[in-house]
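# Observations on chain architecture
Below, each chain spelled out in residue letters.
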Amino acid sequence: GPGDGAYRRLVDSIRWSKIFGRERGHWDQTAYVSEAYNYRVELLAPGWRLPEERSGVATSVEAIREDRSALVAVLVSPAADNATLLAAADQYEKDIRINMARVTDLNRVAAKLGGREAVLITYSARAIDDEPTESQHVLTVNAGRLVVLTLVAKKTQLEAGRAHFARAVASFQFVAAESGK
């Protein structure tokens with residue numbers, strides 16, 4: 001449709017701070033099942049859709065609000081050698097401060113993701129269209145990888161973004177690899 005360019009701009013305008021691994025998986029109705037990293041997460045709901053295909057290798061999976069006000073994504077990257085969750089969170093926080101302009105209200109608390117110990121990092125910045133945004137990143141380490149479920153939402157639509165993200169976090173689970181199928 002006529003808005004597709006806007007979706008691509010939204011996804012491309014999110015200022016990611018890392019290079020991520022190669023994502024591969026399939027959709028099971030509203031849930032995405034990663035075959036590359038063995039997780040399942042509910043990402044789609046009314047008012048949310050997939051961005052159009054981007055060129056190049058898929059390195060993350062994401063859903064965006066139809067009004068372009070928010071994005072929820074799963075990002076997976078190699079964890080530093082035997083990195084503990086706290087060490088990984090420290091590095092992620094450093095990356096945020098280096099890569100994001102005007103970060104304020106940065107906060108970090110213990111959380112859970114897929115039944116594992118996790119860290120939630122929240123901060124304010126201007127990550128979409130140079131408008132005020134809130135970002136939430138839930139990080140955990142699994143099988144030598146840093147797994148990050150992330151929300152970036154314009155403050156004008158924060159409640160909708162937060163509600164969808166809370167459902168995604170609650171639904172996230174690590175699943176056994178499907179071998180030989």
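See the structure printed just above.
The following refers to the structure shown. The model shown is predicted, which means the values in this text are computed figures rather than measured ones.

### What about the overall build of the protein chain?
Each helix and strand counted, the protein chain has three helices and eleven strands in total. Walking the protein chain from its N terminus toward its C terminus, one meets helices and strands in the order α-β-β-β-β-β-β-α-β-β-β-β-α-β. With 181 residues in all, the protein chain has 46% of them scored as buried. Residue pairs in contact within the protein chain that sit at least 24 positions apart in sequence constitute 53% of those at least 6 positions apart. Summing over all exposed atoms, the protein chain offers an accessible surface of approximately 9100 Å²; the carbon and sulfur share of this is 49%.

### Description of unusual backbone geometry
Of note, the phi angle at Arg68 is positive, near 65 degrees, even though the residue is not glycine. Positionally, Arg68 belongs in the loop between strand S5 (60–65) and strand S6 (70–78). A positive phi angle, near 50 degrees, is found at Ala143, a position not held by glycine. Of the residues examined, Ala143 reaches a relative accessible area of 64% and is grouped as exposed.

### Focus: the sheet that holds strand S11 (residues 173–174)
Taking strand neighbours across the sheet as the criterion, the four strands line up as S1-S2-S3-S11 in an open arrangement whose pairing is antiparallel. Each edge of the sheet is formed by a strand with only one pairing partner; in this case those strands are strand S1 (25–28) and S11. Pairing between strand S2 (residues 31–34) and strand S3 (residues 39–42): four bridges, direction antiparallel. Bridge pairing links Tyr32 to Val41 in S3. Running over the sheet, helix H3 (residues 158–171) touches S3 and S11 and is turned about 150 degrees from S3.

### As for the nonpolar core
Soluble globular proteins tend to bury their nonpolar side chains together. With 29 residues, the main nonpolar core has Tyr39, Val41, Val72, Val74, Leu113, Leu149 and Phe172 as its most contacted residues. Only S3, S5, S6, strand S7 (104–113), strand S8 (116–128), strand S10 (145–154) and H3 provide two or more residues apiece to this core. Residue contacts for Val74: discarding those within four places in its chain leaves Tyr39, Val41, Ser60, Val61, Val147, Val148, Leu149 and Phe172. With 21 residues, the next largest nonpolar core counts Leu71, Ala88, Val119 and Leu146 among its residues.

### Let's talk about the pairing of S2
Two faces belong to every sheet, and in a regular strand the side chains alternate between them. Judged by which residues are buried, S2 turns out to be covered on both faces: Ala31 and Val33 on one side and Tyr32 and Ser34 on the other are all buried. Linking S1 to S2, which pair antiparallel, is a turn of two residues; within it Gln29 sits at a positive phi near 60 degrees.

### Things to note about the environment of Leu149
Looking at the element boundaries, Leu149 is found in strand S10. Overall, the relative accessible area of 0% leaves Leu149 in the buried class. Sequence separation of Leu149 and Leu139 is ten residues, and the distance between their C-alpha atoms is 6.7 Å.

Reading the values: the criteria
- Residues numbered from 1 in each chain as written.
- Predicted model: local features only at pLDDT ≥ 70, side-chain atom pairs only at ≥ 80, totals over all residues.
- Heavy atoms only, no water.
- Helix = DSSP H or I, 4+ residues; strand = E, 2+ residues; numbered from the N terminus.
- Buried < 20%, exposed > 50% of the residue type's maximum accessible area, 1.4 Å probe, protein only.
- Contact = heavy atoms within 4.5 Å.
- Areas by Shrake-Rupley, 256 points an atom, 1.4 Å probe, with all protein chains shown as cover.
- Pairing = 2+ DSSP bridges.
- Axes fitted to C-alpha atoms, helices over the stretch in contact; angles between N-to-C directions.
- Core = buried A, V, L, I, M, F, W, Y, C linked by side-chain atoms within 4.5 Å.

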